[in-house]
Amino acid sequence: MTGSDSRELGAVPDGGRAGHGAEPGELDVDDASSSPVGPLIAGVVMIGFGILMLTQTLAIKGEGFEPEGPRFMPMLATVVWLGLSTVYLVQQLLRMARSRDGLPVQRFAHSGRVVALLVLLVAYAYAIDPVGYIISTAVFFVSAARVLGSGVLARDVTVAVGLSVGVYFVFTRLLGVYLPPGVLPL
Amino acid sequence: MNSFDSLLGGFATVLSPENLLFALIGVTLGTLVGVLPGIGPAVTIALLLPVTYNFEDPIPAIIMFAGIYYGAMYGGSTTAILLNTPGESASVATALEGHEMARRGHARAALATAAIGSFVAAVISTTLLAFVAEPMAAIAVTFRATDYFALMVLALVTVTALVGNSLVRGLLSLLLGIMIGFVGLDAVSGQSRFTFGSISLFNGIDEVLLIIGLFAIGETLYVLVRGRTRPGHVTPLGPGHGRGQFMSMNRDQWRRSWAPWLRGAGVGFPFGVLPSGGAELPTFLSYSYEKHRSKGREEFGKGAIEGVAGPEAANNASFSGVLVPLLTLGLPTSATAAVMLVAFQIFNIKPGPQLLETSPDLVWALIASLFVGNLALLAINLPLIRLWVKVLQIPRPVLYAGILVFAGLGIYSVSGSVSDILIAYGVGVVGFLMRQLDFPIAPAILGAILGPELENQFRRSLNISNGDLTVFVDRPLSATILAIAVLALVLPYVPKIVARLRGKPVETAGKLAFADED
Amino acid sequence: MNTATPATVSIVVGYTPTPLGEAALAAAIEEARRRGGFLHVVNASRGDAYVDNNMADTRQLAYLEAVLAGSGVPHRVVQQIGKGEPAVEILETADRTAAELVVIGLRRRTPVGKLLMGSTAQRVLLEASCAVLAVKGG
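Residues numbered from 1 in each chain as written. Chains lettered and ligands numbered in written order. Predicted model: local features only at pLDDT ≥ 70, side-chain atom pairs only at ≥ 80, totals over all residues.

Per an unreviewed UniProt entry, the recorded name for chain B is Tripartite tricarboxylate transporter permease, and the organism is Nocardioides vastitatis.

Where an unreviewed UniProt entry is consulted, chain A appears under the name Tripartite tricarboxylate transporter TctB family protein, with the organism given as Nocardioides vastitatis.

### Comments concerning the overall build of chain B
Along chain B, the regular secondary structure elements total 21 helices and four strands. Here chain B has a C-alpha radius of gyration of 22 Å; the compact-globule value for 518 residues is 24 Å, and the two agree. In terms of overall dimensions, chain B has a C-alpha envelope of 70 × 55 × 55 Å along the principal axes. Within chain B, the fraction of its 518 residues that count as buried is 63%. If you take every contact in chain B between residues at least 6 apart in sequence, the share linking residues at least 24 apart comes to 79%. (Helix = DSSP H or I, 4+ residues; strand = E, 2+ residues; numbered from the N terminus. Rg over C-alpha atoms; globule rule 2.2 N^0.38 Å. Buried ≥ 20, exposed ≤ 12 C-beta atoms within 10 Å, placed from the backbone. Contact = placed C-beta atoms within 7 Å.)

### Some words on the confidence of the model for chain B
All names here are of chain B. With 94% of its residues at a pLDDT of at least 70, chain B reaches an overall mean of 86. Per-element averaging of pLDDT across chain B places helix H21 (residues 494-501) at the bottom with 71 and helix H7 (residues 167-182) at the top with 93. Across residues 506-518, confidence stays below pLDDT 50; counting only partners more than four residues off in sequence or on other chains, it has 42 contacts. Reported confidence for the predicted complex is 0.85 by ipTM and 0.86 by pTM. (pLDDT = per-residue confidence, 0-100.)

### Focus on the pairing of strand E4 (residues 101-107) of chain C
Residue and element names in this part refer to chain C. Taking burial as the measure, the seven residues of E4 include six buried ones, the bulk of the element. Pairing of strand E1 (residues 10-14) with E4 involves three bridges; the strand directions are parallel. By the bridge assignment, Val12 is partnered in E4 with Val102. Of the strand pairs in this sheet, E4 and strand E5 (residues 131-137) are connected by seven bridges, and their pairing is parallel. Directly across from Val102, in E5, lies its bridge partner Val132. (Pairing = 2+ DSSP bridges.)

### A few points about the domain arrangement of chain A
The domains assigned to chain A are domain 1 (37-98) and domain 2 (111-174). If you average the C-alpha positions of domain 1 of chain A and of domain 2 of chain A, the two centres end up 38 Å apart. (Domains from an automatic or database assignment.)

### Structural notes on the interface of chain B and chain A
Chain B puts 53 residues into the contact, and the matching count from chain A is 62 residues. Among the secondary structure elements, those contributing two or more residues to the side of chain B that touches chain A are H7, helix H8 (207-226), helix H16 (396-414), helix H17 (418-436) and helix H18 (442-464) of chain B. When residues of the side of chain B that touches chain A are assigned to their parent elements, the largest contribution, 12 residues, is made by H16(B). A breakdown of the residues in the side of chain B that touches chain A according to their chemical character gives 33 nonpolar, 11 polar and nine charged. (Nonpolar A, V, L, I, M, F, W, Y, C, P; charged D, E, K, R; others polar.)

### Focus: H7(B)
Residues spaced three or four apart along an α-helix face the same direction, because each turn holds 3.6 residues. Residues and elements named next belong to chain B. Here H7 is 16 residues long and its end C-alpha atoms lie 22 Å apart, about the 22 Å a rise of 1.5 Å per residue gives. Of all 16 residues in H7, 14 are buried; the element is thus mostly enclosed. Immediately beyond the C-terminal end of H7, within one or two residues, lies Gly184, with a positive phi of roughly 120°. (Expected span 1.5 Å × (residues − 1).)

### Some thoughts on the UniProt feature "transmembrane region" (unreviewed entry) in chain A
Residue and element names in this part refer to chain A. Those residues carrying the UniProt feature "transmembrane region" (unreviewed entry) are residues 40-60, 72-90, 111-127 and 160-179 in this numbering. Secondary structure content for residues 111-127 is 100% helix and 0% strand, and the end C-alpha separation is 24 Å. The annotated region residues 160-179 carries 75% helix and 0% strand content, and the separation between its end C-alpha atoms amounts to 17 Å. (UniProt positions renumbered as here; feature names shortened; annotations may be inferred.)

### Some words on the interface of chain B and chain C
Between chain B and chain C, the residue contacts involve 16 residues of the former and 12 residues of the latter. Along the lines of polarity and charge, the residues of the side of chain B that touches chain C split into eight nonpolar, five polar and three charged.

### Some words on unusual backbone geometry
All names here are of chain B. One non-glycine residue, Phe194, lies in the positive phi region at around 50°. Looking at Phe194, the number of C-beta atoms within 10 Å reads 22, which means it is buried. Positive phi outside glycine occurs at Asp438, with the angle close to 65°. Here Asp438 lies in the loop between H17 and H18.

### Details of helix H1 (residues 3-14) of chain B
Residues and elements named next belong to chain B. Taking 1.5 Å as the rise per residue, H1 with 12 residues should run 16 Å; its terminal C-alpha atoms sit 16 Å apart, in good agreement. Of all the residues in H1, the buried ones are Leu7, Gly10, Thr13 and Val14. All buried residues of H1 project into a common sector of 110° when viewed along the axis, lining one side. Residues Phe4, Asp5 and Leu8 are exposed on H1 and point more than 90 degrees away from its buried face. Elements that come into contact with the buried residues of H1 comprise helix H2 (17-35), helix H4 (58-83), helix H5 (92-141) and helix H14 (360-381). (Arc of directions from axis to C-beta.)

### Regarding the pairing of strand E3 (residues 75-81) of chain C
For a regular strand, the rule is simple: side chains alternate between the two faces of the sheet. All names here are of chain C. When you tally the buried positions in E3, you get seven out of seven residues, the bulk of the element. The alternating pattern of E3 places His75, Val77, Gln79 and Ile81 and Arg76, Val78 and Gln80 on opposite faces, both of which are buried. Sheet topology places strand E2 (residues 38-45) next to E3; seven bridges connect them, and they run parallel. When the sheet's bridge partners are listed, Ala44 is paired in E3 with Gln80. Each parallel crossover has a hand, and the one from E2 via helix H2 (residues 58-71) to E3 is right-handed. (Right-handed = clockwise from strand over helix to strand, strands pointing away.)

### Concerning the nonpolar core
B:Ala46, B:Ile211, B:Ile212 and B:Ile445 are the most contacted members of the largest nonpolar core, which has 223 residues in total. The leading source of residues in this core is H5(B), at 24 residues. Setting aside chain neighbours within four positions, we find B:Ile445 in contact with B:Gly177, B:Ile211, B:Leu214, B:Ala335 and B:Ala338. In this structure, C:Ile11, C:Tyr15, C:Ala24 and C:Ile29 belong to the second largest nonpolar core, which totals 39 residues. (Core = buried A, V, L, I, M, F, W, Y, C linked by C-beta atoms within 7 Å.)

### Comments concerning the confidence of the model for chain A
Residue and element names in this part refer to chain A. Confidence along chain A averages 77 in pLDDT terms, with 75% of residues attaining 70 or more. Confidence, read as mean pLDDT per element, is least for strand E1 (residues 5-9) in chain A (46) and greatest for helix H4 (residues 133-147) (95). Across residues 1-34 the pLDDT falls below 50, and counting only partners more than four positions away or on other chains, this stretch makes 79 contacts in the model.

### Some details on the packing of helix H6 (residues 145-162) of chain B against H18(B)
Residues and elements named next belong to chain B. Running from N to C, H6 and H18 point in directions that differ by 160°, and their axes come no closer than 8 Å. Of the possible angle classes, the one that applies to H6 and H18 is roughly antiparallel. Considering only the axes of H6 and H18, their crossing is left-handed. Seen from H6, the contacting residues are Ala145, Thr146, Tyr148, Phe149, Met152, Ala155, Leu156, Val159 and Thr160; seen from H18, they are Ala442, Pro443, Leu446, Gly447, Leu450, Glu453, Leu454, Gln457, Phe458, Arg460, Ser461 and Ile464. For the contact of H6 with H18, the class distribution of residues is 14 nonpolar, five polar and two charged. (Axes fitted to C-alpha atoms, helices over the stretch in contact; angles between N-to-C directions. Parallel < 35°, antiparallel > 145°, perpendicular 65-115°, else oblique. Left-handed = near helix turned anticlockwise from the far one by under 90°.)

### Here we look at the packing of helix H3 (residues 41-48) of chain B against H4(B)
Residue and element names in this part refer to chain B. Running from N to C, H3 and H4 cross one another at 155°; their axes reach a closest spacing of 9 Å. Considering the angle they form, H3 stands roughly antiparallel to H4. Viewed along their axes, H3 and H4 form a crossing whose handedness is right-handed. Packed against H3, whose contacting residues are Pro41, Thr44 and Ile45, the element H4 presents Phe65, Ile68, Tyr69 and Ala72 at the interface. A class-by-class count of the residues in the contact of H3 with H4 yields six nonpolar, one polar and no charged.

Below, the structure written as structure tokens:
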């Protein structure tokens, strides 16, 4: 989250340095981008997924595609999916041909952070059991907040410890849901 | 025992300290998540499911979930009016007029007409629910497999066609959900389907994982990508108790509000009962109607109180309406209702025509809790408005890191296996990409939850008819419902078609469209 | 500091559209008049919440501009959103303009509140390389 917006207002009689550290256009990025690449890739991926599901449908044991059988509905869904994915891709190509505007799509900014957050999530999934709920959750919270753009470490640590300890005891002691204690002697 | 006596019994259940506490927790949580944009009742209920796993009695859990559902409506209107950011999609109409009222210094009146209107509509529609439930269940008993099939098709089609901007994207989302629903062992033939040979997929993908992935993780990644945004400003509430005012509204505002409340309730309840994709359609219809009816039409868009009163009433009334098919047919007609259905299933309760016979305590306690919860909301919404708005000041990194912690908790308590957690993450990435590419989420959820049941009823119908597909059109009821489903697919394009017939440029007509989710 | 010529004296004030911010602004205007300085008004927001009452909106900026114009003090208003900590923004402006004085509002806070929300005032007080005038408010 590096977006920022700076405004300079008011009388500036000294002609001093104007605008400082401004990265205009980074805020309020919810305007639809006109890049057609995202939807194009999506269309191709969806068709590929449809073909994959088609092979999976054919892999279902059974004979023929009688409506009562286990293959009929998956087949129907897969075929319609393939048809609609093609329509989506063609729509996208037509729009590209007609104008430079693509289908509505959000800008893929901060992709590095998305990857970082996914890595954190996976690490968290593997850490819960061996390390224990409280420690893994507290560490995960602080690092996730960082990735999400927080700059106040003391606050994050306080909330992380309070939240993980609170959740652990409420769920294990009051609600009877098991959470791994891990390395802590609880 | 008639409905009235049963309802009194329901009140007796709800007014026990424990159930009352859960009703209050529900409406409070609901208000909080309703105030926050991007976090809806569906995901909140999904995240709270693990809390209730070890409850012996389902009643407090269901009361709490219902409280979250309509609490979110009260909260959503608050954000719509004071921040001009609809907390949830059914508040879009409220944001149009309510925020203008607030800007003109009538914030309290706008909030009051929304809250009181919601309450009035809730009382009317819940009363209707109480008296419709039993007759409806009696009719539902006569429904056959073909009717159920047709109803499910209708529910899926309406959510897909009436919500969101594009039919193609909506249908793709729906089909994705249906395909996910097919994952696992087929209940009839025992064959594994869409499992890619992996044993961990034999039991299918748990609905809770799916909902948490699509809504909580997908939304967090989406917020991350959008980055920092210019913070809004909560419009000042203005002076408190003025002269000649009762509950923050003056005589004129009361006079202009009461009829839209009643009309909104009148629109909201039937549209909730009929599969129509949730609360968006009735709120928008109510708004359009009030606008066309209003003598001071020019005031619309500049803060007409009717434009807040009507849609808010319709919004709340539609919830009681949605409960009718959910309880008597087991048919969810919105994403949140689908999550409620999952909650019922966790307690091994199967909503349907028999529910009133098998679990009358639960049904009547739920209905009674709607009265109690809405009264509580009326009491806490306006006086604590400053507190609710404070939630909006929580920094997003902290908020969404917290949501991820609860998402992890929900996923972990469903299974505890790392592979299931990774599946939920995968679903989350799909949900994120769907948001990025403007695919609606609600059809996928509904498709995944209704898909297997739809196939079930389809095969049952064909077993009875010995494989004859005309069975779906032979029965007038099924045929009619299927015809309505086809109509619902076409309806959004009517303005375009009419425009083309009249020789007008098509671009100006556009498609009837409503916002997505919940 | 006392040798700076009046025309180049820079005064930085951390402004928020709150009574505390107004008090700080009033004190800063007073100081700018007395010292004949140039007033840099900084309004910064982290931009990471849906609502930030410390960020001035268009109407409040217009009001701020009117107050400053009425005071007759040469000034510049800088609004910085989503770049980082407000304290950093104030300190950077002070460094860049070689400010003689930084004016901030200071309010009593519970230790928990300070921990959770961070303290812009504390950071400015500790890290500023020039004199800091802390205006006390409610």
